[in-house]
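Structural overview
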Amino acid sequence: MQETKPILADTCSFAGIRPAMADLPYPPLQASGKNPSYAGLLNMDYCGSVSELSAVTQYINNENRLSGEHCTLAKTLLGIAMAEMMHLQKLGCLIRLLGGNVDYTAKLPNGRQHFWTPEFLTLPEHPGQMIAADIIAEQEAIRQYQMHMKMIKDEQVNAVIARIIKDEEYHIMLLKSLAS
C-alpha cells in the first residue's frame, strides 16, 4: 500500500483584501514640463534604498513569512503592500512625464547610479521586529519625500508626493496599532 502525504495548506484567506490607504483622492498625475532632475529624485523614491520597490518587496516577504501563524498581521501587511504598489505605479508615471526612465536605476545626487537590490531590505525573523523595521522604513520614506518636495518646484508633482505621504502616515498608524 502506498503511503499518502498530508496536504499542506495555508489557512489564511486573503479574499477581499484591499489596499491600506488614506480615504482621500489622488491628484491627477501631471507635471509642469520635462525635468530630468526631478525625475532623478523620484527615481530614488521609486527604486532607491528607501523606495516604494523596497517597501513592496519587504511587505510581501513579511506577509509570506507570517501568513501561517499570524493571519491578521499578514493581511494588514498585504494591504499595505498593495498601497505601496500603487505608489510605485504613480511614481513611474510621474518619472516618465518628467522625461525620465523607469529602469530600476536610481540616479544619486553625486551623479552616480545604482540598481535596486534586495540588500536594501530589512527582514528580521520575529513579527515584532518586522513591524518595527516597517515603521522605520515608513518614517524614512516620509523624510525622503519631504526632502524631495523641497527640491521639486512643481506643484502638480508635489501634490502627488504629499498624497503618498498621507498613505505612509496611515501605514505607520496601522503598524503601531499592531505592535501594541
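Treat the numbers as computed from the prediction; the structure is a model and nothing was measured.

Once that is clear, we can look at the environment of Q156. With respect to the secondary-structure elements, Q156 resides in helix α5 (residues 155-179). Remark: the alpha-carbon pair of Q156 and M130, spanning 26 residues in sequence, is separated by 34 Å. Those residues within four positions of Q156 in sequence are excluded, and the remaining contacts are Q30, A31 and S32.

So, about helix α2 (residues 52-66). With 15 residues, α2 extends 21 Å between its outermost C-alpha atoms, agreeing within 8% with the 21 Å of an ideal straight helix rising 1.5 Å per residue. E52, L53, S54, A55, V56, Q58, Y59, N62, E63 and L66 are the residues of α2 that are buried. Buried residues in α2 make contact with α1 (36-47), α3 (71-97), α4 (127-151) and α5.

Here H148 shows up in helix α4. H148 sits in the buried class, given a relative accessible area of 1%.

The final tally for this structure, using the stated rule, is 2 aromatic pairs. Geometrically, the ring pair formed by Y46 and Y104 is tilted, given 6.0 Å between the ring centres and 35 degrees between the ring planes. Taken together, the positions of Y46 in helix α1 and Y104 in the loop between α3 and β1 (105-107) put the pair 58 residues apart, joining distant regions of the chain. The exposure class of Y104 is partly exposed, given its relative accessible area of 40%. Each ring, one from W116 and one from F120, has its centre 6.5 Å from the other, and the planes form 80 degrees; the classification is edge-to-face. Over the face of the ring belonging to Y26 we find K90, whose NZ or CZ atom lies 4.5 Å from the ring centre.

Applying the stated rule across the entire model yields 2 salt bridges. In this structure, E125 and R65 form a salt bridge, with 3.6 Å as the shortest nitrogen-oxygen distance. With E125 in the loop between β2 (113-115) and α4 and R65 in helix α2, the pair connects residues that are 60 residues apart, well separated along the chain. Its relative accessible area of 33% is what places R65 among the partly exposed residues. When the shortest N-O distance is used, the salt bridge between R163 and D167 registers 2.7 Å. Of the two residues, R163 and D167 are both situated in helix α5; the distance of 4 residues between them amounts to about one turn of the helix. Its relative accessible area of 0% is what places D167 among the buried residues.

Calculation rules
- Residues numbered from 1 in each chain as written.
- Predicted model: local features only at pLDDT ≥ 70, side-chain atom pairs only at ≥ 80, totals over all residues.
- Heavy atoms only, no water.
- Helix = DSSP H or I, 4+ residues; strand = E, 2+ residues; numbered from the N terminus.
- Contact = heavy atoms within 4.5 Å.
- Expected span 1.5 Å × (residues − 1).
- Buried < 20%, exposed > 50% of the residue type's maximum accessible area, 1.4 Å probe, protein only.
- Phe/Tyr/Trp six-rings, centres within 6.5 Å; stacked < 30°, edge-to-face > 60°.
- Lys NZ or Arg CZ within 6 Å of the ring centre and 35° of its normal.
- Salt bridge = Lys/Arg side-chain N within 4 Å of Asp/Glu carboxyl O.

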